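The chain contents come next:
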Amino acid sequence: MQKVSEILQKPIFSKEDIVQLLKSENNDRQLVFAKAKEIKEQEIGNLVHFRGLIELSNICSKDCYYCGIRKSNKNFARYNISDEQVLKAAEFAYKENYGSLVIQAGEIESEKFTNRIEKLLQQIKKLSNNKLGITISLGEQTPEVYKNWFDAGAHRFLLRIESSNKELFEKIHPKNRNHSFERRLECLKSLKEIGYQTGTGVMIGLPFQTYEDLADDILFMRDFDIDMCGMGPFIEHPDTPLFEFKDQLMPLEKRFDLTLKMIAVLRIVMKDINIASATALQAIDPMGREKALKIGANIIMPNITPEKYRDDYSLYTNKPCTDEEPEQCKGCLDARIAISGNEIGCNEWGDSKHFKRKKL
Ligand code: SF4
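Presented here is an overview of the structure given in this document. Nothing here was measured: the structure is a model prediction, and the numbers come from that model. (Residues numbered from 1 in each chain as written. Predicted model: local features only at pLDDT ≥ 70, side-chain atom pairs only at ≥ 80, totals over all residues. Heavy atoms only, no water.)

Concerning the site of the ligand
Neighbouring the ligand are Cys 60, Lys 62, Cys 64, Tyr 66, Cys 67, Ile 69, Arg 70, Gly 106 and Glu 107. Here the shell around the ligand is built from residues that sort into five nonpolar, one polar and three charged. (Near = heavy atom within 4 Å. Nonpolar A, V, L, I, M, F, W, Y, C, P; charged D, E, K, R; others polar.)

Some points on the packing of helix 5 (residues 111-127) against helix 6 (residues 143-152)
Running from amino to carboxyl end, helix 5 crosses helix 6 at an angle of 15°, the nearest separation of the two axes being 8 Å. Accordingly, the angle class assigned to the pair helix 5 and helix 6 is roughly parallel. Crossing geometry of helix 5 relative to helix 6 is assigned as right-handed. On helix 6, the residues touching Phe 113, Thr 114, Ile 117, Glu 118, Leu 121, Gln 122 and Lys 125 of helix 5 are Val 145, Asn 148, Trp 149 and Ala 152. Considered class by class, the residues forming the contact of helix 5 with helix 6 number six nonpolar, three polar and two charged. (Axes fitted to C-alpha atoms, helices over the stretch in contact; angles between N-to-C directions. Helix = DSSP H or I, 4+ residues; strand = E, 2+ residues; numbered from the N terminus. Parallel < 35°, antiparallel > 145°, perpendicular 65-115°, else oblique. Left-handed = near helix turned anticlockwise from the far one by under 90°. Contact = heavy atoms within 4.5 Å.)

Thoughts on the pattern of salt bridges
Tallied over the full model, the rule gives 27 salt bridges. Note that Lys 95 is salt-bridged to Glu 91, the shortest N-O span being 3.5 Å. Here Glu 91 and Lys 95 lie together in helix 4 (residues 83-95), a separation of four residues that amounts to about one turn. Residue class for Glu 91 comes out partly exposed when judged on its relative accessible area of 36%. Members of the salt-bridge network, linked through shared partners, are Lys 62, Glu 107, Glu 109, Glu 140, Arg 183 and Arg 184. (Salt bridge = Lys/Arg side-chain N within 4 Å of Asp/Glu carboxyl O. Buried < 20%, exposed > 50% of the residue type's maximum accessible area, 1.4 Å probe, protein only.)

Description of helix 6
All of the buried residues along helix 6 are Val 145, Tyr 146, Trp 149 and Ala 152. The buried residues of helix 6 occupy an angular sector of 125° when the element is viewed end-on, so they sit on one face. Of the exposed residues in helix 6, those oriented more than 90 degrees away from the buried face are Glu 144 and Asp 151. Contact partners of the buried residues in helix 6: helix 5, strand 4 (133-137), strand 5 (156-158) and helix 8 (181-194). A positive phi of about 130° marks Gly 153, the residue just after helix 6. (Arc of directions from axis to C-beta.)

Focus: the sheet that holds strand 12 (residues 343-344)
The strands that make up a sheet are held in pairs by hydrogen bonds between backbone atoms, and each pair lies either parallel or antiparallel. Pairing is parallel across the open sheet formed by three strands, whose spatial order is 11-1-12. Of all strands in the sheet, those with a lone pairing partner are strand 11 (299-300) and strand 12, marking the two edges. Pairing analysis gives two bridges linking strand 1 (residues 47-50) to strand 12, with the strands arranged parallel. Within the sheet, the bridge partner assigned to Val 48 lies in strand 12 and is Ile 344. (Pairing = 2+ DSSP bridges.)

Considerations on the pairing of strand 1
Here strand 1 runs beside strand 11; their pairing, made up of two bridges, is parallel. Residue pairing for strand 11: His 49 is matched across the bridge by Ile 299.

Here's the deal with the environment of Ile 300
As for its position among the elements, Ile 300 is in strand 11. For Ile 300, a relative accessible area of 0% translates into the label buried. Distance in space between the C-alpha atoms of Ile 300 and Gly 139 is 20 Å, their sequence separation being 161 residues. Once you skip the residues sitting within four places of it in the chain, Ile 300 turns out to touch Val 48, His 49, Phe 50, Arg 51, Arg 289, Leu 293, Leu 333 and Ile 337.

Thoughts on the packing of aromatic side chains
The relation between two aromatic rings is expressed through the spacing of the ring centres and the mutual angle of the planes. The final tally for this structure, using the stated rule, is ten aromatic pairs. Between Tyr 79 and Tyr 309, the ring centres sit 4.8 Å apart and the planes meet at 35°, which makes this aromatic pair tilted. With Tyr 79 in the loop between strand 2 (52-57) and helix 4 and Tyr 309 in helix 13 (residues 307-310), this pair connects stretches of sequence that are 230 residues apart. With a centroid separation of 5.6 Å and an interplanar angle of 80°, the aromatic rings of Phe 157 and Tyr 196 are classed as edge-to-face. (Phe/Tyr/Trp six-rings, centres within 6.5 Å; stacked < 30°, edge-to-face > 60°.)

Here's the deal with the side chain of Asp 217
By the element assignment, Asp 217 lies in helix 9 (residues 211-224). Buried Asp 217, no salt bridge; nearest opposite-charge side chain is Lys 15, N-O distance 9.8 Å. (Lys, Arg positive; Asp, Glu negative; His and termini not counted.)

Here's the deal with the nonpolar core
With 101 residues, the main nonpolar core has Ile 136 and Trp 149 as its most contacted residues. Counting residues per element, this core draws most heavily on helix 10 (residues 252-269), which supplies nine residues. Non-local contacts of Trp 149, meaning those with residues more than four positions away in its chain, are made with Phe 113, Thr 114, Ile 117, Glu 118, Leu 121, Ile 136, Leu 138, Gln 141, Ala 154, Phe 157 and Tyr 196. Within the second largest apolar cluster, five residues are counted, among which are Leu 53, Ala 276, Ile 299 and Met 301. (Core = buried A, V, L, I, M, F, W, Y, C linked by side-chain atoms within 4.5 Å.)

Remarks on the side chain of Ser 100
Position of Ser 100 relative to the elements: it lies in strand 3 (residues 100-105). A distance of 2.6 Å separates polar atoms of two side chains, one belonging to Ser 100 and the other to Arg 156. Discounting residues that sit within four places of it in the chain, Ser 100 has contacts with Phe 50, Arg 51, Gly 52, Leu 132, Gly 133, Arg 156, Glu 348 and Trp 349. (Polar contact = N/O pair within 3.5 Å; in protein donor to acceptor, adjacent residues only side chain to side chain.)

Comments concerning the packing of helix 9 against helix 10
Helices that pack against each other are described as a pair by the angle of their axes relative to one another and the distance between those axes. Running from N to C, helix 9 and helix 10 cross one another at 30°; their axes reach a closest spacing of 11 Å. In the crossing of helix 9 with helix 10, the sense of the turn from one axis to the other is right-handed. Judged by residue contacts, Tyr 211, Leu 214, Asp 217, Ile 218, Met 221 and Arg 222 of helix 9 engage Lys 254, Leu 258, Met 262, Val 265, Leu 266 and Val 269 from helix 10. The class makeup of the residues in the contact of helix 9 with helix 10 is nine nonpolar, no polar and three charged.

Here you go:
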């Protein structure tokens, strides 16, 4: 077996190298984190950019086996925040110099939904004098819909593949046309072709998942040449089919640690992409997001959804900060980012450097 210190010197990692890095412990694990930190500082600097997160609606047409807001779960209230509330949240982000927003919702494909998002994007651009950058995470849509939203002002799109292993993908989704691995890939390709900064991501610590699967996920992201990544630990939700496998999962702390290693290895492999510090990390460790920022992540997503809706956007259990209004959330994050040794990139879009360099 090679030494981790030798692997870290290589310009390109093989799948076996990545597996070894993901399995590293003690001093070797520290070497991986130190290398990722060094690369982040060289390529990205210590600026962390905000994406004010608006959880527009928890109504979803899909039934992913891991997700708390899946269509078949009747154990919580569905909501759809009003356009007025969306615009109020956007105005808050603009006034607080967040620089960017993320709009996220359950997946709906309909003309009414398409038109609503188009109008909201135009209104947000107008109210912020085009100063707010907009990421959307609104699932699988036709290329025409993606183009329509791009033209209306969205310029980054996050569509998580969840697992790049088709077999594993099919174990965590129902087997039907509404949950197709091939369509997910087609959608990612469309987003890139249209010109979005395109992001994807995976869940870490899923039942049936191996270290080899995770290494393949990193290679998939590299080969697909993504611009951004949002990935986090799998946290089982009691109202979902995957909960049945809870006894087969690795302990939460181990899933947390493996997520940090995935972030670190991805930073080493894809030096200048944007990597989000997922809120799910904080659900396991109160300092989870800060730890991710220290070793490779550079994006954070303060929740600016009105507080009363946050508990009902429950993709996983123990979601943090559901009882804070945006103002409190902001104050807390400022301190957390300073603790992590980073600074806030106020009033900037914080676009993916990788995307910009590809365009040169
Ligand atoms: S993961 Fe997304 S698409 Fe799947 S059920 Fe949850 S909100 Fe819907």
